[in-house]
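# Overview (structure and organization)
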Amino acid sequence: MAVCIAVIAKENYPLYIRSVPTQNELKFHYTVHTSLDVVEEKISSVGKSMGDQRELYLGLLYPTEDYKVYGYVTNSKVKFVIVVDSSNTSLRDNEIRSMFRKLHNSFTDVMCNPFHNPGDHIQSKAFDGIVSGMMVQTG
Amino acid sequence: MEQQEEKPIIYTMENKPIVTCAGDQGLFTSLYTSLAQQLPREPMEWRRTYGRAPKMIHLEANFVQFKEELLPKEGNKALLTFPFLHIYWTDCCDTEVYKTSVREDMMRWQNSLRTHSSADWVIIVVETNDTKKKNKTNILPRSSIVDKIRSDFCNKQNDRCVVLSDPLKDSSRSQESWNSLLLKLRTLLLMSFTKNLGRFEDDMRTLREKRTQPGWSFCEYFMVQEELAFVFEMLQQFEDALVQYDELDALFTQYVLNFGAGDTANWLGSFCAPVRSWSGLLLRRPIDMEKRDGIQRGEASLLDLRSYLFSRQCTLLIFLQRPWEVTQRALELLHNCVQELRLLEVSVLEGALDCWVFLSCLEVLHRIEGCCDQAQLAANCSYTVGLWAYATDKLKSLGELCGLVLEKGPTSEDLNRTVDLLAGLGDERPETVNSLQSPYKKLKEALSSVEAFERHYLELSHAAMEMYRAIGRLRSARLVGKSLAEFHMRKGDPARAETFLQEALKSYVSEGWSLPVTHTRKQIAECQKLLGRTDDYLQTSALLAGDVNLTTEERKHFCQEILTFAGISGDQSQKVTLSMGVFTQLTQLQFHPATASVHSGAVLKVELTLRCLMPIPVNIQQLVASIHFDVDHGGTHGRSKGTQRQTNQGTIEFTQGNSSVGPHSYLGTGPALELDEIQDRSPSDNSLNSTGVVCKNTHLLMRRHDSNSPLATPNCVSPPTVAMKEGAQMLKVQDVTLKPGNNSIVFTAPSGQPGTYTLRQLCATIGEVQFVLPHIYPSVQYEVYSQEPQLTVEPLAEPLLAGLPQMVKFTLLTGHYTVKKGDALQLSNTDTMPILPSSTCTARTHSPAAELVGENILSIQSSEKVTSISLPPTPPYHTLEFQLEVLCIIPSGSDRPANERLTNGEVRHRPRSYSHPDTPMTAIDQRMSIDCPWSIYSTLLALTFYIPFKTKHSLLSAGNRKYVQVCVQNVSDVSFTLAEVKLTEKQHASLELQSLNTKSQQLLCSKHSVFCLWEVRWKEDLPLCLQCVFSANFSPFNQDISAFKPYHYQFQLERVTTLYSVRAEIVPPAGEQQCRSGLLCGLEVCITRLTEPAEGELAEESKTDTDGLKTTKLMYEVADSSSNWAVCGRSSGMVSMPMTANATHKVQIEVMPLFAGHLPFPKIKVLKYLPHTAAVAIQPDPDSCVENDSLSLLDKTLDDQADTASIRSRGSVHSVGSGDQQQKGVAMPRLEPFSPGQVFNHTHARQVLVLPATDDHIMEVNAT
């Protein structure tokens, strides 16, 4: 399960970012922010080759000693980043994909809310719940 | 033949599949060179088992002399030493020799092969022409030897014996023979590979399947599978070889994962041993035998195994020309190893892994650098840069561990640790001993001294940053920069740190990452404090004090930093100026009064709402808003402009576009467009000249975005260059305390001079610190105006009705004028609109805010010419209101008195009535002239009254009797009561007008009419002209009698007397009792003169006949407008009437009724016929035209009867009817109608019964 989940706007500011454990929050902010480099790299390289039929899932952005960072980009260039603990070896690529899909669905619901102002921080409880379900449960 | 069997097997690229050679060694030696050369020349297709794709393969072989020992013993798994093919060479062509020696030798060879169950063999028989020639006589045909061999050995395997002809000759036959031999050899070799490798793989799989059994060892299995990899490598099938290693890698990884999941394999124990050596990867040898031996012995550590595996993979990848994959895999490997060691809970000396990773990273980088060209390296920078960054990271943590980053240098404890770490590195490998830049040397050097460490660390960091930049990963580069900054900070070098921090901060701010912003800013604050850059430090502190990401304690600390500085009364005259946005935000500004527009001298309050971002209440010594003043040239006009602009009830909301960490601060397009519609109207008639849209905030939108404006980057190096404008007017409050959150501060705005005041800047002063808001945006303005006194009079109720007392409202805007005691308004009186005196006339005084401030009774004095109204004392810019009752007298008719002069000498304007387009009522404009105390000129005001009635009169006759009818129509919206209706004649006293009206009072409803009738009676002659006056009293309905007001209507009646009477009879046709339709009947017209000619009449239109009798000419005309009658024959004619009473003239006309029923009589008209001598030209009556038309219609119906007279008559009439200006001058005979009442027609409204024609049997009935 994820240790950090972030939603980043098209303009690269965070719409939503949550991590466990909370004391490492800053580190995750740095990690997610840095991962945007790779996201942009992947988007630009994919954009050239595939046209509009592109895969939203970007795969492993980069591994670090402790974490694996996965990326996903919606068609409107909103980025999802999931950080997984490296020691968590049970997670397969497919599971990461399905996590992203779930996240995307929930995000779409948030955007469909007429009272949500696109571009604002996500404060939806439903979205929060979905994210919590994907996060590592720490005691 | 080489003596290779003596050497130990060295696992190098030189390995080739072994082929043994038996038989004639000399023969083989002679052929060896060309054989070894030609064998690999052409590729063979290798078909594989298990559905693996076939491959083209170039075969090489290592030919060795056959020895019994070379044959593998049972159970020997070695593949590299395995002889894949056995060849027996012979050039024997002598049967005898064959039988005696060669055959036996072959048998021995075959037997030894068979005992080792090796079936891969071939016998080569070499034939040369020389040998053939030599032994031509005593030998069998050469085929027989081959046949013999085949029959002796190749049991049904004829292909196992090959003939090579003339190998050393350069002939086509020889070449052909070579080719077939090579093909055979290749085929056989491949067959052998397929068979033997297949068998080996099967064995290997069997072994792998046993891995769950207790005694299974990974290391053993490793050796087996690696043997296969070696063979593939030997066959140059690097891909397949790599697959073997990858499989081993995966298998091992799976075991480690299973271990983590609790499934422990015994053999893993050896890998869990504490790590004693961390010498890093070694990639320079194709095979690291040292480690391989370790693995073989089962003594390798996890790092050893991984290192060895990776070095093999690396070698193969380089063979495959995919060096970048090495870097990619290397990073994964390093991460993975660290994880695996954790998972297996292997005890590692602290820092040892860092050493290992650092060395490994550098080793990989060096290795790759050696085998890639620069372009390739650059293209795969994204992989290598990860290694650089990883190495940098590890070196940093090593430095921290060994106390190399501290300012004071390592402690003895640190030194001990360093020694331990260095011990684990072992000795430098022989491969790199001579290299100056080996990873080993680097690490050793870096750990040896603080200076060396710094050098190496900076070098690595910069390299990593450069690379990140080169591939566009700026964020990563900045992160490296940040960690470099942290290093500089530790080393006590804040100046260098700050550059990196600022750069990182800029990126975080621009992308709205608040947590990194806060963290970085905190580091910057530390830097700035150390550097003693007070301005910047205070600015950053202010930002941090207002940062919600920090704890309250931290925020308080930074806030206290500012306050502490502010408290120090510095000698420096220069105060520290900071941007206000970080300290407090202006959220709202409110004007009281809300219009933001006051007259000069009035009180205007400005209320600011400041959201203080500080965590604690802050006492501000002075808060100043500077004002820009513009003299308003528009006079009072400016007021309306000002109120128009200030919408939203005088409240201006400020959106926080410059909040320092908000996600939207830098994003999007900046401030939104603020557009305003402008309309340029012509000053004279207010018509639209042009219209358009203006952008009010172009100065914000058009600004260059890269400029380091102080507002945009609150943390920039240079202090915000904001200064208060000197000498400007200011709003000022002293000593206010701003609490955290919203604060309301009220200023009293200066309002001395009229003009526009714009709030420009805001400045809060705390001791030595000033917080300045350089621009207040959106711009805030208020207006101070000065106004001339203004007097308006307007009706209390629309419309003002003439003839009735009406209330009008006087409104006096005092403007800048103060109404003193004794000031009065002088109204010039007029007759047509007297001002009605009233006892209680109250004046109300309103303040500018529309509050009632006073009520006074007005004293009104009226003299003959002037009405004077004394005003109560009123302060400036107040409104004075009072009401007066006025009456506009309805003008009764045509009488117009001569112009009078008013008291002030002006010509009195006669009220002139006119019809108004909006109402049926006739309007009258009444002008008033008022002298005001503030001006030497009179004020002229106009009021419009409306006459509620329209009156018409008519004269009615009955023979000689005369009646006057007056119709009063109420055109107003009010109902009236009409009373005392009266008609009087002014000149003739003898005349009696007898009223036929019964009611004394009558209701006259809105839009209704009342008719009144009088009979005119006279004693003597009836005068020619009557001057009548109709008068009545009226009052609005439901009001008492005292409210009745008179209404007069004058009119004149002329030519009242009846001159002629016209009688007519219709005579039925002869023999008929009644008229019948379609039958001609006679119309007898009798015109009788009733009176003696009056004097005027004689002069005007009579003429003396030859017989002395005065006659006048009349024209009669019979017309029927409703087509009931057809006039046959003459329809009109002229009669000459004697001007004496009772003179009669009779005319007979034939008419025919066209319908049956009671038909009205045809109309008989009598007109005056004026001969051409008549001087007076009278405008033709349009009515005559109409009659003319009916005449022609009459003619048309009788088309068939040509009547020249009728036509003639028509022509004459026509000439009269259409008589135009040109004809006027020419003396033509004319027709002139009589005035109503002069001719009385007895047939008017008479009817005659007409029976239907006798033959009309069919009656048409139309029922609708």
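What counts and what doesn't
Residues numbered from 1 in each chain as written. Chains lettered and ligands numbered in written order. Predicted model: local features only at pLDDT ≥ 70, side-chain atom pairs only at ≥ 80, totals over all residues. Heavy atoms only, no water. Helix = DSSP H or I, 4+ residues; strand = E, 2+ residues; numbered from the N terminus. Contact = heavy atoms within 4.5 Å. Areas by Shrake-Rupley, 256 points an atom, 1.4 Å probe, with all protein chains shown as cover. Buried < 20%, exposed > 50% of the residue type's maximum accessible area, 1.4 Å probe, protein only. Expected span 1.5 Å × (residues − 1). Buried area = accessible area lost by both parts, 1.4 Å probe. Salt bridge = Lys/Arg side-chain N within 4 Å of Asp/Glu carboxyl O. Polar contact = N/O pair within 3.5 Å; in protein donor to acceptor, adjacent residues only side chain to side chain. Pairing = 2+ DSSP bridges. Axes fitted to C-alpha atoms, helices over the stretch in contact; angles between N-to-C directions. 1 Å grid on protein atoms, 1.4 Å probe; cavity = no way out; pocket = protein on both sides within 12 Å on 5 of 7 lines; lining within 4 Å. Points joined across faces, edges and corners; volume = space filled by probe spheres on them. Nonpolar A, V, L, I, M, F, W, Y, C, P; charged D, E, K, R; others polar. Phe/Tyr/Trp six-rings, centres within 6.5 Å; stacked < 30°, edge-to-face > 60°. Patch = residues over 30% accessible without salt bridge, like charges linked within 9 Å, V, L, I, M, F, W, Y side chains within 5 Å. Parallel < 35°, antiparallel > 145°, perpendicular 65-115°, else oblique. Left-handed = near helix turned anticlockwise from the far one by under 90°. Core = buried A, V, L, I, M, F, W, Y, C linked by side-chain atoms within 4.5 Å. Domains from an automatic or database assignment. Disulfide = S-S within 2.5 Å. pLDDT = per-residue confidence, 0-100.

### What to know about the overall build of chain B
Within chain B one finds 27 helices and 54 strands. Contacts in chain B between residues far apart in sequence, at least 24 positions, make up 73% of those at least 6 positions apart. Within the structure as shown, chain B displays about 62,100 Å² of accessible surface, and the carbon and sulfur contribution to it stands at 51%.

### A few points about the environment of Leu349 of chain B
Residue and element names in this part refer to chain B. By the element assignment, Leu349 lies in the loop between helix H10 (323–343) and helix H11 (352–371). Overall, the relative accessible area of 34% leaves Leu349 in the partly exposed class. Along the primary structure Leu349 and Pro274 are separated by 75 residues, whereas in three dimensions their C-alpha atoms are 8.6 Å apart. In this structure Leu349 touches Trp278, Asp420 and Leu421, once residues within four positions along its chain are discounted.

### Examining helix H17 (residues 474–490) of chain B
All names here are of chain B. Counted at 1.5 Å a residue, the expected span for H17 with its 17 residues is 24 Å, and the 24 Å between its end C-alpha atoms agrees. In terms of residue burial, H17 counts as a mostly covered element, since 13 of its 17 residues are buried. Residue Gly492 follows H17 closely and has a positive phi angle near 75°.

### Things to note about the interface of chain B and chain A
Reports of interface size often rely on the accessible area that becomes lost once the parts have come together. Listed as interface residues are 28 residues of chain B and, on the opposing side, 28 residues of chain A. Sorting the residues of chain B by area buried against chain A places Arg475, Trp513 and Leu515 of chain B first, and these three jointly supply 30% of that buried surface. Between the two partners, chain B and chain A, sit six salt bridges. Run the count over chain B and chain A and you get 17 residue pairs in polar contact (both at pLDDT 80 or more). Listing elements by their share of the side of chain B that touches chain A, those giving two or more residues are H10, helix H13 (381–401), H17, helix H18 (494–511) and helix H19 (514–531) of chain B.

### Observations regarding helix H16 (residues 450–470) of chain B
Residue and element names in this part refer to chain B. For H16, spanning 21 residues, the distance from its first C-alpha to its last is 30 Å, which sits close to the expected 30 Å at 1.5 Å a residue. Of all the positions in H16, only Val450, Ala452, Phe453, His456, Tyr457, Leu458, Leu460, Ser461, Ala464, Met465, Met467 and Tyr468 are classed as buried. Looking at the buried side of H16, the elements it contacts are H11, H13, helix H15 (439–448), H17 and H18. One or two steps after H16, the chain reaches Gly472, where phi turns positive at roughly 80°.

### Section: the pattern of salt bridges
Residue and element names in this part refer to chain B. Taken as a whole and assessed by the stated rule, the structure comprises 47 salt bridges over all chains. In this structure, Arg329 engages Asp246 in a salt bridge whose closest nitrogen and oxygen atoms are separated by 3.1 Å. You can see Arg329 sitting in helix H10 and its partner Asp246 sitting in helix H7 (residues 238–260), a full 83 residues away along the chain. Here Glu503 makes a salt bridge to Arg478, at a shortest N to O gap of 3.8 Å.

### Section: the sheet that holds strand E35 (residues 961–970) of chain B
Residues and elements named next belong to chain B. The strand order across the open sheet built from four strands is E34-E35-E39-E37, with neighbouring strands paired in antiparallel fashion. Looking at which strands have only one partner, the edges of the open sheet turn out to be strand E34 (949–958) and strand E37 (992–995). Across the sheet, the mean angle separating the axes of adjacent strands is 25° when strand polarity is ignored. Where E37 lies against strand E39 (residues 1009–1017), four bridges are found, and the strand directions are antiparallel. Bridge pairing in E39 places Ser995 opposite Trp1014.

### Some points on unusual backbone geometry
With an omega of 5°, the peptide bond running from His592 of chain B to Pro593 of chain B counts as cis. Checked against the element boundaries, Pro593 of chain B lands in the loop between strand E9 (584–592) and strand E10 (597–599).

### Digging into empty space enclosed by the protein
All names here are of chain B. Counted under the stated rule, the structure contains ten cavities of 30 Å³ or more. Size it by volume and the second largest cavity reaches roughly 110 Å³. Taken together, Ser279, Leu281, Leu282, Leu359, Glu363, Glu428, Arg429, Thr432, Ser438, Pro439 and Tyr440 form the lining of the second largest cavity. Every element with two or more residues in the lining of the second largest cavity is listed here: H11 and H15. Looking at the lining of the second largest cavity residue by residue, the classes come out as five nonpolar, three polar and three charged.

### Here's the deal with the packing of aromatic side chains
Residues and elements named next belong to chain B. Using the criterion set out here, one finds 45 aromatic pairs over all chains in the structure. Their ring planes at 65° and their centres at 5.7 Å tell us that Phe28 and Tyr32 sit as a pair that is edge-to-face. Taken together, the residues Phe28 and Tyr32, both in helix H1 (residues 25–38) and four residues apart, mark about one turn of the helix. Judged by relative accessible area, which is 18%, Tyr32 ranks as buried. Considering the side-chain rings of Tyr32 and Phe63, the 6.1 Å spacing of their centres and the 90° angle between planes classify their relative orientation as edge-to-face. Here Tyr32 is found in helix H1, whereas its partner Phe63 is found in strand E4 (residues 62–65), with 31 residues between them in sequence. Each of the two residues, Tyr32 as well as Phe63, counts as buried.

### A closer look at the pairing of strand E42 (residues 1060–1067) of chain B
Residue and element names in this part refer to chain B. Two strands pair when backbone bridges link them, and E42 and strand E44 (residues 1081–1089) are joined in this way by eight bridges, in the antiparallel orientation. Residue Tyr1060 lies in a different strand from E44, and its bridge partner there is Arg1089. Note that E42 and strand E53 (residues 1239–1241) share three bridges and pair parallel. By the bridge assignment, Tyr1060 is partnered in E53 with Val1239.

### Quick notes on a nonpolar patch on the surface
Residue and element names in this part refer to chain B. Together, Leu673, Leu675 and Val693 make up a nonpolar patch on the protein surface, roughly 310 Å² of accessible area in all. Mapped onto the fold, Leu673 is located in the loop between strand E13 (651–653) and strand E14 (675–681). Among the residues examined, Leu673 registers a relative accessible area of 56% and is labelled exposed.

### With respect to the packing of helix H6 (residues 218–234) of chain B against H7 of chain B
Residues and elements named next belong to chain B. In contact at an axis separation of 7 Å, H6 and H7 are set at 165° when each is read in the N-to-C sense. Between H6 and H7, the angle is such that the two are roughly antiparallel. By crossing handedness, the relation of H6 to H7 is classed as left-handed. Residues Phe218, Tyr221, Phe222, Gln225, Glu226, Leu228, Ala229, Phe230, Phe232 and Glu233 of H6 form the contact with H7, whose own contacting residues are Phe238, Asp240, Ala241, Gln244, Tyr245, Glu247, Leu248, Leu251 and Phe252. Taken together, the residues that form the contact of H6 with H7 break down as 13 nonpolar, two polar and four charged.

### A short note on the nonpolar core
All names here are of chain B. Core analysis: the largest hydrophobic core is formed by 151 residues, its most contacted members being Phe63 and Trp89. In terms of domain composition, this core takes at least three residues from each of domain 1 (4–210) and domain 2 (217–385). Excluding anything up to four places from it in sequence, Phe63 contacts Val19, Cys21, Phe28, Tyr32, Leu35, Ala36, Leu39 and Ile87. Within the second largest apolar cluster, 65 residues are counted, among which are Val793, Leu804, Leu884 and Val886.

### What about the environment of Glu445 of chain B?
All names here are of chain B. Structurally, Glu445 is set in helix H15. Note: C-alpha distance between Glu445 and His456 (eleven residues apart in sequence) is 8.6 Å. Discounting chain neighbours no more than four positions away, the residues touching Glu445 are Ala452, Arg455 and His456. A polar contact of 2.5 Å, which involves the side chain of Glu445, links it to the side chain of Arg455.

### Here's the deal with the side chain of Ser311 of chain B
Residues and elements named next belong to chain B. With respect to the helices and strands, the residue Ser311 is situated in helix H9 (residues 302–319). Here Tyr308 takes part through its backbone oxygen, which lies 2.8 Å from a polar atom of the side chain of Ser311. The residues touching Ser311, leaving out its near neighbours within four places in the chain, are Leu282 and Leu283.

### Quick look at the sheet that holds strand E40 (residues 1025–1036) of chain B
All names here are of chain B. Ordered by their spatial adjacency, four strands build an open sheet running E38-E36-E40-E41, and the pairing between neighbours is antiparallel. Because the sheet does not close on itself, it has two edges, and the strands there are strand E38 (1001–1004) and strand E41 (1045–1054). On average, each strand axis in the sheet is inclined to that of its neighbour by 35°, with strand direction left out of account. Sheet topology places E40 next to E41; ten bridges connect them, and they run antiparallel. Across the sheet, residue Gln1027 finds its bridge partner in E41, namely Gln1052.

### Side note on the state of the cysteines
For the coordinates displayed, the defined rule picks out zero disulfides over all chains. Not engaged in a disulfide, the cysteine Cys559 of chain B finds its nearest cysteine sulfur in Cys612 of chain B; these two sulfurs lie 7.4 Å apart.

### As for the confidence of the model for chain A
Taken residue by residue, chain A gives an average pLDDT of 86. The fraction at 70 or more is 91%. Here helix H1 (residues 25–50) of chain A is the element of chain A with the lowest mean pLDDT, 84, and helix H2 (residues 93–112) of chain A is the one with the highest, 93.

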